[in-house]
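Each chain is listed here by its residues.
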Amino acid sequence: MLGISGKVIVITGGYGVLCGAMAKSLAKAGAKVAIIGLVQQEADEFAQTLEGEVLGFGANVLDKASMEAVHQQILATWGPCDILINGAGGNHPQGTTDKPFMDVEDLNDDSIKTFFDLDPAGFKFVFELNLLGTLIPTQVFARDMVGRKGCSIINISSLSAFKPLTKVSAYSGAKAAVSNFTEWLSVHFAKTGIRVNAMAPGFFLADQNRALLTNPDGSLTARGQQIINQTPMGRFGEPEDLLSTLYWLLDEGSAFVTGVVIPIDGGYTAFSGV
Ligand code: NAD
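Per an unreviewed UniProt entry, the protein carries the name Dioxygenase and comes from Mongoliitalea lutea. Looking at the protein in UniProt, the text filed under Sequence similarities (unreviewed entry) is "Belongs to the short-chain dehydrogenases/reductases (SDR) family."

In structure tokens form, the structure reads like this:
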């Protein structure tokens, strides 16, 4: 916590469920936190709820010019970026099949979206958002970090990067690419002073998956129940479950750690299911 105070931290997806909890905690710990999300008003409204020094920006991680404009404003206000958390990401229904397993008769059933109905545009959207949405902000903000001490990049991967989840082919592939990129960049930057690591959250209830995992009355859907059964700790994650790992990765206590992807998933990836 001591090492965080005064640091300039940029968080993409910074008013989302997971990264919003990180922004809240880091600002409270004395960091200067810039949160970037798609909608300026939502970024401003969220920033106002936080205690500490916080700026909200509405900008698209896929638009380098808009990232550079945000960068210039942060430089002018606080100076160079010390830490970048690449949290913007998500899925798209066009990269998702209806069923986990295809049955032979599904081939001629127009009511079922099988592998053959997946739209390459959906894959493109998901790969761009998760992979290029990590690459582009890193190209913009990591320039500030080269040759300085205590600088770090945290990418947000997923448990689906280790073993693909059924149905979400595009998302699983894109997050595997984020994990792979984390390793690649950690090696590329190893002599520059910048450490690059990733967190791989398990199942956390968020806006993007709430309808998939819970019914309107709060009870679990069949898929939600299947996930809980497959999670040895028997619960979904809470955004605060990510914080101690985040602090450790940002702290000098992990100064020799780079290129790791840490699952925070209640044992999901460790469990064989039997
Ligand atoms: P969320 O939907 O609550 O937040 C996503 C944020 O990303 C929002 O602030 C949104 O404005 C921003 N965003 C989306 N597209 C953007 C773009 N093009 N440019 C700028 N900002 C953009 O999601 P969350 O569940 O908090 O997820 C955060 C990260 O964690 C994502 O990368 C997600 O894939 C990953 N993740 C989530 C879970 C989970 O269970 N919720 C599990 C594993 C990984």
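Draft legend 1. Geometry of the site of the ligand. The immediate surroundings of the ligand are formed by 27 residues, with Val17, Leu18, Asn60, Tyr171 and Phe204 found nearest. Note that a nitrogen atom of the ligand is positioned 2.9 Å from one of the side-chain N or O atoms of Asn60. Residue Asn209 places a side-chain N or O atom 3.3 Å away from an oxygen atom belonging to the ligand. Protein burial of the ligand: of its 840 Å² of free accessible surface, 91% is covered by the chains. In this structure the site holding the ligand corresponds to the largest pocket. For the shell around the ligand, the per-class residue count stands at 14 nonpolar, 12 polar and 1 charged.

Draft legend 2. Spotlight on unusual backbone geometry. Even without a glycine there, the phi angle at Lys167 is positive, about 75°. When you line up the elements, Lys167 lands in the loop between strand S5 (151–156) and helix H5 (169–188). What makes Lys167 partly exposed here is its relative accessible area of 22%.

Rules behind the numbers
Residues numbered from 1 in each chain as written. Predicted model: local features only at pLDDT ≥ 70, side-chain atom pairs only at ≥ 80, totals over all residues. Heavy atoms only, no water. UniProt positions renumbered as here; feature names shortened; annotations may be inferred. Near = heavy atom within 4 Å. Polar contact = N/O pair within 3.5 Å; in protein donor to acceptor, adjacent residues only side chain to side chain. Areas by Shrake-Rupley, 256 points an atom, 1.4 Å probe, with all protein chains shown as cover. 1 Å grid on protein atoms, 1.4 Å probe; cavity = no way out; pocket = protein on both sides within 12 Å on 5 of 7 lines; lining within 4 Å. Sits in = over half its atoms within 2 Å of the grid points. Nonpolar A, V, L, I, M, F, W, Y, C, P; charged D, E, K, R; others polar. Helix = DSSP H or I, 4+ residues; strand = E, 2+ residues; numbered from the N terminus. Buried < 20%, exposed > 50% of the residue type's maximum accessible area, 1.4 Å probe, protein only.

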